[in-house]
Amino acid sequence: MTFDQNPQMRFAVGMTNTPDSPSHEAAAHSQAIREASSEHLIHVIAQQRDRHAYAVLFERFSGRLKAFAMGRGLDEQAAEDLVQDTMLLVWRKAESFDPQKAQASTWIYTIIRNLRIDMARKAARAKPLPDDLWMDNVVVASDDQMIFEQRATGINEELKRLPKEQVEVVRLSFFEDLTQTQIASALNLPLGTVKSRLRLAMVRLRGFIDKKAGF
Amino acid sequence: MNASICSHHPSFELLLDYHQGRLGLGPSLVLETHIGHCRECQAQIKAFDQVGGALIDEADSLPMSDQALALSLARIERPAAPAAVQPKPALPPYLRDLNLPERLKHERFKSRYWGAPGVWIAPIDLGEDVVSKEMPIKTFLMHVAPGLTMPAHDHQGLEMTLVLQGGFSDDAGHYEVGDLAIRDEGEVHSPMIANNDNCLSLVSQYGSIKPKTLLGKLLMPFAKL
(Lines give C-alpha, C1' and ligand atoms only; values in the text may rest on other atoms or scores of the structure.)
Protein backbone atom coordinates (compact mmCIF):
# COMPACT_ATOMS: atom_id res chain seq x y z
CA MET A 1 0.00 0.00 0.00
CA THR A 2 1.52 3.39 -0.93
CA PHE A 3 1.35 6.12 1.64
CA ASP A 4 -1.44 7.99 -0.09
CA GLN A 5 -3.81 5.07 0.24
CA ASN A 6 -3.58 5.54 3.98
CA PRO A 7 -6.01 8.24 5.16
CA GLN A 8 -3.85 9.20 8.14
CA MET A 9 -0.82 9.67 5.91
CA ARG A 10 -2.77 11.73 3.39
CA PHE A 11 -3.74 14.03 6.22
CA ALA A 12 -0.17 14.08 7.53
CA VAL A 13 1.25 15.28 4.22
CA GLY A 14 -1.45 17.89 3.77
CA MET A 15 -3.34 16.23 0.93
CA THR A 16 -6.66 16.79 2.68
CA ASN A 17 -7.99 19.18 5.28
CA THR A 18 -9.73 16.38 7.09
CA PRO A 19 -8.77 12.73 7.37
CA ASP A 20 -11.58 11.81 4.92
CA SER A 21 -11.60 11.03 1.23
CA PRO A 22 -9.96 13.79 -0.87
CA SER A 23 -11.73 16.16 -3.25
CA HIS A 24 -11.50 15.74 -7.02
CA GLU A 25 -8.92 18.55 -7.40
CA ALA A 26 -6.82 17.14 -4.63
CA ALA A 27 -6.87 13.72 -6.34
CA ALA A 28 -5.73 15.24 -9.64
CA HIS A 29 -2.99 17.22 -7.91
CA SER A 30 -1.86 14.13 -6.08
CA GLN A 31 -1.65 12.25 -9.39
CA ALA A 32 0.52 15.03 -10.86
CA ILE A 33 2.89 14.90 -7.91
CA ARG A 34 3.14 11.11 -8.08
CA GLU A 35 4.15 11.32 -11.75
CA ALA A 36 6.43 14.34 -11.47
CA SER A 37 10.15 14.06 -12.08
CA SER A 38 12.37 13.93 -9.02
CA GLU A 39 13.90 17.23 -10.10
CA HIS A 40 10.46 18.84 -10.05
CA LEU A 41 9.67 17.33 -6.66
CA ILE A 42 12.81 18.85 -5.15
CA HIS A 43 11.88 22.20 -6.68
CA VAL A 44 8.39 22.02 -5.16
CA ILE A 45 9.89 21.04 -1.79
CA ALA A 46 12.23 24.03 -1.96
CA GLN A 47 9.62 26.56 -3.04
CA GLN A 48 6.54 25.40 -1.14
CA ARG A 49 7.76 23.08 1.58
CA ASP A 50 5.38 20.56 0.05
CA ARG A 51 5.20 17.49 2.28
CA HIS A 52 3.33 15.43 -0.27
CA ALA A 53 6.12 15.92 -2.81
CA TYR A 54 8.61 15.00 -0.08
CA ALA A 55 6.72 11.81 0.76
CA VAL A 56 6.72 10.76 -2.90
CA LEU A 57 10.44 11.46 -3.16
CA PHE A 58 11.07 9.53 0.04
CA GLU A 59 9.21 6.50 -1.27
CA ARG A 60 11.05 6.71 -4.57
CA PHE A 61 14.56 6.89 -3.14
CA SER A 62 14.66 5.47 0.37
CA GLY A 63 14.72 1.79 -0.62
CA ARG A 64 17.51 2.31 -3.16
CA LEU A 65 19.50 4.45 -0.75
CA LYS A 66 19.11 1.66 1.79
CA ALA A 67 20.51 -0.79 -0.77
CA PHE A 68 23.49 1.51 -1.26
CA ALA A 69 24.05 1.84 2.50
CA MET A 70 23.89 -1.90 3.13
CA GLY A 71 26.22 -2.51 0.20
CA ARG A 72 28.61 -0.29 2.09
CA GLY A 73 28.60 -2.77 4.95
CA LEU A 74 26.17 -0.97 7.25
CA ASP A 75 23.76 -3.16 9.19
CA GLU A 76 20.05 -2.68 8.62
CA GLN A 77 19.48 -0.19 11.45
CA ALA A 78 22.51 1.91 10.59
CA ALA A 79 21.47 1.85 6.94
CA GLU A 80 17.98 3.11 7.78
CA ASP A 81 19.51 5.82 10.00
CA LEU A 82 21.73 6.94 7.13
CA VAL A 83 18.76 7.05 4.77
CA GLN A 84 16.77 9.09 7.30
CA ASP A 85 19.64 11.55 7.74
CA THR A 86 20.06 11.81 3.97
CA MET A 87 16.41 12.53 3.25
CA LEU A 88 16.30 15.05 6.09
CA LEU A 89 19.15 16.91 4.43
CA VAL A 90 17.34 16.70 1.08
CA TRP A 91 14.41 18.46 2.76
CA ARG A 92 16.57 21.09 4.43
CA LYS A 93 18.88 21.80 1.50
CA ALA A 94 16.37 21.52 -1.34
CA GLU A 95 16.94 25.17 -2.24
CA SER A 96 20.55 24.51 -3.07
CA PHE A 97 19.71 21.90 -5.72
CA ASP A 98 20.39 23.22 -9.21
CA PRO A 99 18.86 21.08 -11.97
CA GLN A 100 21.20 22.77 -14.47
CA LYS A 101 24.13 21.27 -12.67
CA ALA A 102 23.00 17.73 -11.92
CA GLN A 103 20.20 15.20 -11.88
CA ALA A 104 18.30 14.61 -8.64
CA SER A 105 19.89 11.20 -8.16
CA THR A 106 23.40 12.68 -8.60
CA TRP A 107 22.68 15.32 -5.96
CA ILE A 108 21.14 12.86 -3.53
CA TYR A 109 24.04 10.44 -4.10
CA THR A 110 26.49 13.24 -3.22
CA ILE A 111 24.60 13.84 0.04
CA ILE A 112 24.56 10.19 1.10
CA ARG A 113 28.17 9.67 0.04
CA ASN A 114 29.42 12.53 2.20
CA LEU A 115 27.17 11.61 5.14
CA ARG A 116 28.45 8.05 5.07
CA ILE A 117 32.08 9.25 5.11
CA ASP A 118 31.27 11.59 8.01
CA MET A 119 29.59 8.72 9.85
CA ALA A 120 32.65 6.49 9.42
CA ARG A 121 34.95 9.28 10.60
CA LYS A 122 32.83 10.04 13.67
CA ALA A 123 32.91 6.35 14.50
CA ALA A 124 36.70 6.49 14.28
CA ARG A 125 36.60 9.71 16.33
CA ALA A 126 38.22 11.64 13.52
CA LYS A 127 37.24 15.13 12.37
CA PRO A 128 34.32 15.16 9.91
CA LEU A 129 34.23 17.30 6.78
CA PRO A 130 33.23 20.93 7.24
CA ASP A 131 29.51 21.22 6.48
CA ASP A 132 29.67 23.92 3.86
CA LEU A 133 32.39 22.22 1.91
CA TRP A 134 30.21 19.95 -0.13
CA MET A 135 26.92 21.78 -0.22
CA ASP A 136 26.59 24.12 -3.16
CA ASN A 137 24.83 27.17 -1.86
CA VAL A 138 23.10 27.93 -5.12
CA VAL A 139 19.57 29.23 -4.80
CA VAL A 140 17.32 28.32 -7.74
CA ALA A 141 15.27 31.25 -9.05
CA SER A 142 11.68 30.84 -7.95
CA ASP A 143 9.27 30.29 -10.81
CA ASP A 144 6.04 28.43 -10.26
CA GLN A 145 5.51 27.97 -13.99
CA MET A 146 8.81 26.17 -14.40
CA ILE A 147 8.37 22.67 -15.69
CA PHE A 148 11.28 20.34 -15.27
CA GLU A 149 11.78 17.79 -17.95
CA GLN A 150 13.56 14.75 -16.80
CA ARG A 151 16.99 16.30 -17.08
CA ALA A 152 18.60 13.00 -17.75
CA THR A 153 22.07 13.29 -19.17
CA GLY A 154 21.31 9.77 -20.35
CA ILE A 155 24.07 8.39 -18.18
CA ASN A 156 21.76 5.67 -16.93
CA GLU A 157 21.41 4.33 -20.48
CA GLU A 158 25.09 4.73 -21.14
CA LEU A 159 25.85 2.77 -18.01
CA LYS A 160 23.63 -0.05 -19.26
CA ARG A 161 25.46 -0.06 -22.61
CA LEU A 162 28.81 -0.79 -21.02
CA PRO A 163 30.13 -4.33 -21.34
CA LYS A 164 28.83 -6.37 -18.42
CA GLU A 165 32.25 -6.97 -16.91
CA GLN A 166 32.89 -3.21 -16.77
CA VAL A 167 29.55 -2.47 -15.10
CA GLU A 168 30.31 -5.17 -12.55
CA VAL A 169 33.61 -3.54 -11.58
CA VAL A 170 32.03 -0.08 -11.42
CA ARG A 171 29.24 -1.37 -9.20
CA LEU A 172 31.66 -3.15 -6.85
CA SER A 173 33.78 -0.04 -6.56
CA PHE A 174 30.98 2.47 -5.99
CA PHE A 175 28.33 0.42 -4.28
CA GLU A 176 30.23 -2.22 -2.42
CA ASP A 177 33.18 -0.06 -1.33
CA LEU A 178 35.82 -2.50 -2.45
CA THR A 179 39.30 -1.37 -3.35
CA GLN A 180 40.59 -2.61 -6.67
CA THR A 181 42.69 -5.20 -4.89
CA GLN A 182 39.61 -6.51 -3.09
CA ILE A 183 37.61 -6.60 -6.32
CA ALA A 184 40.39 -8.56 -7.99
CA SER A 185 40.29 -11.02 -5.13
CA ALA A 186 36.50 -11.28 -5.13
CA LEU A 187 36.30 -11.86 -8.89
CA ASN A 188 39.45 -13.96 -9.03
CA LEU A 189 41.03 -11.66 -11.60
CA PRO A 190 44.48 -10.10 -11.93
CA LEU A 191 44.64 -6.60 -10.44
CA GLY A 192 45.69 -5.20 -13.82
CA THR A 193 42.49 -6.49 -15.41
CA VAL A 194 40.33 -4.83 -12.74
CA LYS A 195 42.23 -1.56 -13.13
CA SER A 196 41.85 -1.48 -16.88
CA ARG A 197 38.13 -2.39 -16.78
CA LEU A 198 37.43 0.37 -14.29
CA ARG A 199 39.48 2.86 -16.25
CA LEU A 200 37.83 1.92 -19.56
CA ALA A 201 34.38 2.25 -18.03
CA MET A 202 35.13 5.64 -16.50
CA VAL A 203 36.81 6.98 -19.63
CA ARG A 204 33.77 6.03 -21.65
CA LEU A 205 31.27 7.44 -19.14
CA ARG A 206 33.33 10.56 -18.76
CA GLY A 207 33.55 11.02 -22.52
CA PHE A 208 29.81 10.68 -22.73
CA ILE A 209 29.25 13.22 -19.93
CA ASP A 210 31.65 15.73 -21.51
CA LYS A 211 30.04 15.34 -24.92
CA LYS A 212 26.60 16.01 -23.43
CA ALA A 213 27.93 19.09 -21.68
CA GLY A 214 29.27 20.38 -24.97
CA PHE A 215 33.00 19.98 -24.44
CA MET B 1 46.40 29.91 -5.81
CA ASN B 2 44.13 30.72 -8.72
CA ALA B 3 42.21 28.32 -10.92
CA SER B 4 45.09 27.85 -13.32
CA ILE B 5 45.60 24.80 -15.45
CA CYS B 6 47.73 22.35 -13.52
CA SER B 7 50.03 19.88 -15.23
CA HIS B 8 50.29 17.31 -12.48
CA HIS B 9 47.09 15.72 -11.22
CA PRO B 10 46.13 12.88 -8.96
CA SER B 11 45.60 9.64 -10.84
CA PHE B 12 42.10 8.52 -11.58
CA GLU B 13 42.45 5.66 -9.04
CA LEU B 14 43.55 8.03 -6.27
CA LEU B 15 40.68 10.42 -7.01
CA LEU B 16 38.25 7.53 -6.84
CA ASP B 17 39.70 6.38 -3.51
CA TYR B 18 39.32 9.95 -2.22
CA HIS B 19 35.76 10.19 -3.56
CA GLN B 20 34.82 6.96 -1.82
CA GLY B 21 36.33 8.06 1.50
CA ARG B 22 39.10 5.48 1.48
CA LEU B 23 41.91 7.95 2.12
CA GLY B 24 43.04 9.31 5.46
CA LEU B 25 42.29 12.85 6.60
CA GLY B 26 45.65 14.29 5.51
CA PRO B 27 45.57 12.99 1.93
CA SER B 28 41.90 14.01 1.71
CA LEU B 29 42.82 17.54 2.79
CA VAL B 30 45.58 17.76 0.18
CA LEU B 31 43.29 16.47 -2.55
CA GLU B 32 40.42 18.76 -1.57
CA THR B 33 42.76 21.76 -1.69
CA HIS B 34 43.98 20.72 -5.15
CA ILE B 35 40.47 19.95 -6.43
CA GLY B 36 39.24 23.33 -5.18
CA HIS B 37 41.47 24.96 -7.79
CA CYS B 38 41.51 22.40 -10.58
CA ARG B 39 38.72 22.31 -13.16
CA GLU B 40 39.86 18.98 -14.57
CA CYS B 41 39.65 17.20 -11.22
CA GLN B 42 36.37 18.92 -10.34
CA ALA B 43 34.92 17.53 -13.56
CA GLN B 44 36.20 14.05 -12.72
CA ILE B 45 34.67 14.15 -9.22
CA LYS B 46 31.40 15.31 -10.72
CA ALA B 47 31.55 12.41 -13.18
CA PHE B 48 31.99 10.02 -10.25
CA ASP B 49 28.91 11.52 -8.60
CA GLN B 50 26.92 11.05 -11.80
CA VAL B 51 27.91 7.41 -11.95
CA GLY B 52 26.93 7.02 -8.29
CA GLY B 53 23.57 8.64 -9.00
CA ALA B 54 22.96 6.35 -11.97
CA LEU B 55 23.79 3.32 -9.80
CA ILE B 56 21.28 4.53 -7.19
CA ASP B 57 18.63 4.75 -9.92
CA GLU B 58 19.42 1.22 -11.09
CA ALA B 59 19.64 -0.35 -7.64
CA ASP B 60 17.08 -2.86 -6.46
CA SER B 61 15.02 -1.15 -3.79
CA LEU B 62 15.07 -2.71 -0.32
CA PRO B 63 11.97 -2.48 1.85
CA MET B 64 12.20 0.19 4.53
CA SER B 65 10.74 -0.37 8.01
CA ASP B 66 6.99 0.21 8.39
CA GLN B 67 7.32 3.50 10.22
CA ALA B 68 10.13 4.93 8.08
CA LEU B 69 8.05 7.51 6.22
CA ALA B 70 6.11 8.57 9.31
CA LEU B 71 9.39 8.99 11.18
CA SER B 72 10.82 11.06 8.35
CA LEU B 73 7.76 13.30 8.22
CA ALA B 74 8.03 13.87 11.95
CA ARG B 75 11.70 14.77 11.68
CA ILE B 76 11.21 17.38 9.00
CA GLU B 77 8.72 19.16 11.27
CA ARG B 78 11.28 19.65 14.00
CA PRO B 79 13.27 22.85 13.59
CA ALA B 80 16.91 22.21 12.84
CA ALA B 81 19.01 22.37 15.98
CA PRO B 82 21.30 25.42 15.84
CA ALA B 83 24.65 24.26 14.55
CA ALA B 84 27.10 23.81 17.40
CA VAL B 85 29.24 26.90 17.15
CA GLN B 86 32.79 25.67 16.89
CA PRO B 87 35.19 28.56 17.16
CA LYS B 88 37.39 28.47 14.09
CA PRO B 89 41.07 28.63 15.00
CA ALA B 90 42.76 31.87 14.00
CA LEU B 91 45.60 31.71 11.51
CA PRO B 92 48.98 32.00 13.23
CA PRO B 93 50.73 35.29 12.40
CA TYR B 94 53.43 33.73 10.21
CA LEU B 95 50.75 32.34 7.88
CA ARG B 96 48.63 35.48 7.50
CA ASP B 97 50.59 37.04 4.66
CA LEU B 98 50.88 33.84 2.66
CA ASN B 99 47.51 33.97 0.86
CA LEU B 100 46.57 30.38 1.72
CA PRO B 101 43.79 28.63 -0.21
CA GLU B 102 40.36 28.97 1.43
CA ARG B 103 40.27 25.28 2.31
CA LEU B 104 43.27 25.66 4.61
CA LYS B 105 42.44 28.90 6.35
CA HIS B 106 40.61 27.38 9.30
CA GLU B 107 42.72 24.32 9.91
CA ARG B 108 44.43 23.93 13.24
CA PHE B 109 48.14 24.63 12.83
CA LYS B 110 50.64 23.61 15.46
CA SER B 111 53.67 25.76 16.22
CA ARG B 112 56.12 25.86 13.36
CA TYR B 113 59.68 24.64 13.74
CA TRP B 114 62.87 24.85 11.70
CA GLY B 115 63.58 21.50 10.06
CA ALA B 116 66.86 22.64 8.51
CA PRO B 117 68.45 26.00 7.60
CA GLY B 118 65.97 27.74 5.29
CA VAL B 119 63.18 25.22 5.96
CA TRP B 120 60.28 25.68 8.35
CA ILE B 121 57.50 23.22 8.92
CA ALA B 122 54.01 23.85 10.37
CA PRO B 123 52.20 20.61 11.27
CA ILE B 124 48.42 20.51 10.85
CA ASP B 125 46.38 18.93 13.62
CA LEU B 126 43.71 16.69 12.10
CA GLY B 127 43.15 14.56 15.15
CA GLU B 128 43.93 10.91 14.94
CA ASP B 129 44.96 10.13 11.38
CA VAL B 130 46.60 6.79 10.68
CA VAL B 131 47.00 4.23 7.95
CA SER B 132 47.68 1.52 10.50
CA LYS B 133 49.03 1.33 14.05
CA GLU B 134 52.61 1.49 12.79
CA MET B 135 51.99 4.21 10.26
CA PRO B 136 50.61 7.56 11.39
CA ILE B 137 49.89 10.17 8.74
CA LYS B 138 51.79 13.46 9.00
CA THR B 139 50.28 16.53 7.37
CA PHE B 140 52.06 19.85 7.33
CA LEU B 141 52.98 23.03 5.48
CA MET B 142 56.59 23.20 4.41
CA HIS B 143 58.29 26.45 3.47
CA VAL B 144 61.67 26.26 1.76
CA ALA B 145 64.01 29.08 0.74
CA PRO B 146 64.87 29.47 -2.97
CA GLY B 147 67.54 27.32 -4.57
CA LEU B 148 67.75 24.66 -1.83
CA THR B 149 67.79 20.96 -2.61
CA MET B 150 66.26 18.42 -0.26
CA PRO B 151 68.47 15.46 0.61
CA ALA B 152 67.57 12.35 -1.42
CA HIS B 153 65.04 10.19 0.38
CA ASP B 154 62.73 7.24 -0.01
CA HIS B 155 59.35 6.94 1.66
CA GLN B 156 57.65 4.52 4.01
CA GLY B 157 54.45 5.04 2.11
CA LEU B 158 52.43 7.50 0.08
CA GLU B 159 53.64 11.13 0.05
CA MET B 160 51.51 13.85 -1.51
CA THR B 161 52.91 17.36 -2.10
CA LEU B 162 50.73 20.22 -3.33
CA VAL B 163 52.59 23.37 -4.40
CA LEU B 164 50.99 26.51 -2.98
CA GLN B 165 53.71 28.99 -3.87
CA GLY B 166 56.90 28.86 -5.94
CA GLY B 167 57.94 25.54 -7.40
CA PHE B 168 60.35 22.63 -7.39
CA SER B 169 61.73 19.95 -9.71
CA ASP B 170 62.65 16.35 -9.30
CA ASP B 171 63.26 13.39 -11.60
CA ALA B 172 59.56 13.20 -12.44
CA GLY B 173 59.18 16.76 -13.63
CA HIS B 174 58.70 20.38 -12.74
CA TYR B 175 55.97 21.34 -10.27
CA GLU B 176 54.35 24.76 -9.98
CA VAL B 177 51.44 26.30 -8.07
CA GLY B 178 48.48 23.91 -8.07
CA ASP B 179 50.48 20.87 -9.12
CA LEU B 180 50.35 17.71 -7.07
CA ALA B 181 53.41 15.46 -6.72
CA ILE B 182 52.78 11.90 -5.58
CA ARG B 183 55.45 9.52 -4.45
CA ASP B 184 55.31 6.09 -2.93
CA GLU B 185 57.52 3.59 -1.22
CA GLY B 186 60.47 2.70 -3.39
CA GLU B 187 60.54 6.04 -5.18
CA VAL B 188 63.63 8.00 -4.19
CA HIS B 189 63.80 11.66 -5.07
CA SER B 190 65.65 14.84 -4.22
CA PRO B 191 63.41 17.85 -4.80
CA MET B 192 65.19 20.98 -6.03
CA ILE B 193 63.53 24.26 -5.12
CA ALA B 194 63.29 26.85 -7.90
CA ASN B 195 65.70 29.76 -7.66
CA ASN B 196 63.30 32.61 -8.03
CA ASP B 197 60.90 32.19 -5.10
CA ASN B 198 60.27 30.56 -1.74
CA CYS B 199 58.45 27.28 -2.11
CA LEU B 200 55.42 26.67 0.12
CA SER B 201 53.83 23.22 -0.08
CA LEU B 202 51.09 21.28 1.63
CA VAL B 203 52.34 17.79 2.33
CA SER B 204 50.70 14.64 3.63
CA GLN B 205 52.75 11.52 4.10
CA TYR B 206 52.24 8.02 5.40
CA GLY B 207 54.86 7.19 8.01
CA SER B 208 58.30 8.72 7.69
CA ILE B 209 60.77 9.56 5.00
CA LYS B 210 63.88 7.38 4.65
CA PRO B 211 66.89 9.57 3.92
CA LYS B 212 69.59 8.19 1.66
CA THR B 213 72.44 10.57 2.44
CA LEU B 214 74.39 11.24 5.59
CA LEU B 215 73.21 14.83 5.66
CA GLY B 216 69.62 13.70 5.39
CA LYS B 217 70.06 11.25 8.23
CA LEU B 218 71.71 13.89 10.41
CA LEU B 219 68.81 16.25 9.82
CA MET B 220 66.15 13.69 10.73
CA PRO B 221 65.80 14.60 14.42
CA PHE B 222 65.33 18.26 13.43
CA ALA B 223 63.10 17.65 10.45
CA LYS B 224 60.87 15.19 12.39
CA LEU B 225 59.48 13.91 9.07
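Structural data are supplied above this passage.
This report concerns the structure included in the present document.

The rules we used
- The residue numbering used here restarts from 1 in each chain and proceeds along that chain's sequence as written.
- Chain A is the first chain written and ligand 1 is the first ligand written, with later ones labelled in order.
- For this predicted model, a pLDDT threshold of at least 70 governs which residues receive local features, and a threshold of 80 or more governs which side-chain atom pairs are given and counted, while totals over whole chains, interfaces and linings are taken from all residues.
- Excluded from the side-chain calculation are hydrogens and water; included are all heavy atoms of the structure.
- By definition, any uninterrupted DSSP run of H or I lasting at least four residues is a helix, any uninterrupted run of E lasting at least two residues is a strand, and each is numbered from the N terminus.
- For each residue, the accessible area found with a 1.4 Å probe, counting protein chains only, is set against the maximum for its type, and the residue is called buried under 20%, exposed over 50%, and partly exposed in between.
- Residues are treated as being in contact if the distance between any of their heavy atoms lies within 4.5 Å.
- Accessible surface is estimated by sampling points in the Shrake-Rupley manner with a 1.4 Å probe; for residues, cover comes only from the protein chains shown.
- Positive residues here are Lys and Arg, negative ones are Asp and Glu, while His and the chain termini are left out of the count.
- In this description, the location of a charge corresponds to atom NZ of lysine, CZ of arginine, CG of aspartate or CD of glutamate.
- For two strands to be treated as a pair, DSSP must find no fewer than two bridges joining them.
- Only one rule defines a salt bridge in this text: a Lys or Arg side-chain nitrogen within 4 Å of an Asp or Glu carboxyl oxygen.
- By buried area we mean the combined loss of accessible area, with a 1.4 Å probe, across both parts when two parts are placed together.
- Throughout, the ten residues Ala, Val, Leu, Ile, Met, Phe, Trp, Tyr, Cys and Pro are labelled nonpolar, Asp, Glu, Lys and Arg are labelled charged, and all others, Gly among them, are labelled polar.
- The disulfide criterion used throughout: a pair of cysteine sulfur atoms within 2.5 Å.
- Only C-alpha atoms enter the line fits that serve as axes; for helices the fit covers just the stretch in contact. Angles between N-to-C directions range over 0 to 180 degrees.
- Put simply, angles under 35 degrees are roughly parallel, angles over 145 are roughly antiparallel, angles from 65 to 115 are roughly perpendicular, and the rest are oblique.
- Left-handed describes a crossing in which the near helix is turned anticlockwise from the far one by less than a right angle; the clockwise case is right-handed.
- The definition of a nonpolar core used throughout is a set of buried Ala, Val, Leu, Ile, Met, Phe, Trp, Tyr and Cys residues joined through side-chain atoms within 4.5 Å.

Some words on the overall build of chain B
Across its full length, chain B holds six helices and 13 strands. Counting only C-alpha atoms, chain B reaches 70 × 40 × 35 Å along its principal axes. Sorting the 225 residues of chain B into buried and exposed places 52% on the buried side. For chain B, restricting intrachain contacts to residue pairs at least 6 apart in sequence, the fraction spanning at least 24 positions comes to 68%. Roughly 10,600 Å² of accessible area belongs to chain B as shown, and the carbon and sulfur atoms make up 55% of that amount. Within chain B, one finds 19 positive and 27 negative side-chain charges whose respective centroids are separated by 9 Å.

Observations regarding the pairing of strand 12 (residues 199-206) of chain B
Each regular strand carries side chains that alternate between the two faces of the sheet. Residues and elements named next belong to chain B. Summarising burial for strand 12: eight of the eight residues are buried, a large majority. Burial along strand 12 is two-sided: the face carrying Cys199, Ser201, Val203 and Gln205 and the face carrying Leu200, Leu202, Ser204 and Tyr206 are both buried. Looking at chain direction, strand 5 (residues 135-144) and strand 12 are connected through eight bridges and run antiparallel. Bridge pairing links His143 to Leu200 in strand 12. Direction of pairing for strand 7 (residues 159-165) relative to strand 12: antiparallel, over a ladder of six bridges. Considered in strand 12, the bridge of Gln165 is made with Leu200.

Things to note about the pattern of salt bridges
It is possible for side chains bearing opposite charge to pair when their charged atoms get close. Scanning the entire structure with this criterion turns up 17 salt bridges over all chains. Close ionic contact of Arg113(A) with Asp49(B) constitutes a salt bridge, the shortest N to O distance being 3.1 Å. Highlighted residues: Arg113(A) in helix 6 (residues 104-123) and Asp49(B) in helix 3 (residues 39-58), drawn from two different chains. A relative accessible area of 8% places Arg113(A) in the buried class. Among the salt bridges present, the one from Arg103(B) reaches Glu32(B), with a minimum N-O distance of 2.8 Å.

Observations concerning the interface of chain B and chain A
Opposite the 52 residues of chain B that make contact, chain A presents 63 residues. Among the residues of chain B in contact with chain A, Leu55(B), Ile56(B) and Met64(B) are the three that bury the most area, contributing 13% of the side total. Here chain B and chain A share six salt bridges between them. A salt bridge links Glu40(B) to Arg206(A); the nearest nitrogen and oxygen atoms lie 3.6 Å apart. Of all the elements in the fold, those that place two or more residues in the side of chain B that touches chain A are helix 1 (12-19), helix 2 (25-35), helix 3 and helix 4 (68-77) of chain B. A per-element tally of the side of chain B that touches chain A places helix 3 of chain B first, with 17 residues. Each residue belonging to the side of chain B that touches chain A can be placed in one class, and the counts come to 25 nonpolar, twelve polar and 15 charged.

Regarding the state of the cysteines
Covalent bonding between the sulfur atoms of two cysteines is what defines a disulfide. All names here are of chain B. Scanning the entire structure with this criterion turns up zero disulfides over all chains. Between Cys38, a cysteine without a disulfide, and Cys41, which holds the nearest cysteine sulfur, the sulfur-to-sulfur distance is 3.7 Å. Among the residues examined, Cys41 registers a relative accessible area of 2% and is labelled buried.

Comments concerning the packing of helix 1 of chain B against helix 3 of chain B
Residues and elements named next belong to chain B. Two numbers describe how helix 1 lies on helix 3: the axes approach to 10 Å, and their chain directions differ by 60 degrees. As far as their axial angle goes, helix 3 and helix 1 are oblique. As for how helix 1 packs across helix 3, the hand of that crossing is right-handed. Each of Phe12, Leu15, Leu16, Tyr18 and His19 in helix 1 lies in contact with helix 3, whose residues at this interface are Cys41, Gln44, Ile45, Phe48 and Asp49.

Observations concerning the sheet that holds strand 9 (residues 173-175) of chain B
Residues and elements named next belong to chain B. Strand order in the open sheet made by the three strands is 9-8-11, with antiparallel pairing throughout. Edge positions in the open sheet fall to strand 9 and strand 11 (192-193), since each of these has one partner strand only. Looking at chain direction, strand 8 (residues 168-170) and strand 11 are connected through two bridges and run antiparallel. Each bridged residue has a counterpart across the sheet, and for Ser169 the counterpart in strand 11 is Met192.

Here's the deal with the environment of Val203(B)
All names here are of chain B. Tracing the sequence through the fold places Val203 in strand 12. In this structure Val203 comes out as buried when scored by relative accessible area, which is 3%. Counting along the chain gives twelve residues from Val203 to Leu215, while the straight-line C-alpha distance between them is 21 Å. Beyond its immediate chain neighbours, meaning those up to four positions away, Val203 contacts Val30, Lys138, Thr139, Phe140, Glu159, Met160 and Thr161.

Some details on the nonpolar core
Within the largest apolar cluster, 105 residues are counted, with the highest numbers of intra-cluster contacts made by Met87(A), Phe174(A), Leu95(B), Leu100(B), Phe109(B) and Leu141(B). It is helix 4 (residues 51-71) of chain A that contributes the most residues to this core, eleven residues altogether. Sequence-distant contacts of Phe109(B), defined by excluding residues within four places in its chain, comprise Leu91(B), Pro92(B), Tyr94(B), Leu95(B), Leu100(B), Leu104(B), Ala122(B), Pro123(B), Ile124(B) and Leu141(B).

Observations concerning the packing of helix 4 of chain A against helix 5 (residues 76-93) of chain A
Residues and elements named next belong to chain A. At a minimum axis distance of 9 Å, the contact between helix 4 and helix 5 shows a crossing angle of 140 degrees. Regarding the angle of helix 4 to helix 5, the classification is oblique. Here helix 4 runs over helix 5; the crossing is right-handed. On the side of helix 4, the interface is formed by Arg51, Tyr54, Leu57, Phe58, Phe61, Ser62, Leu65, Lys66, Ala69 and Met70, while helix 5 contributes Glu76, Ala79, Glu80, Leu82, Val83, Gln84, Thr86, Met87, Leu88, Val90 and Trp91. For the contact of helix 4 with helix 5, the class distribution of residues is 14 nonpolar, three polar and four charged.

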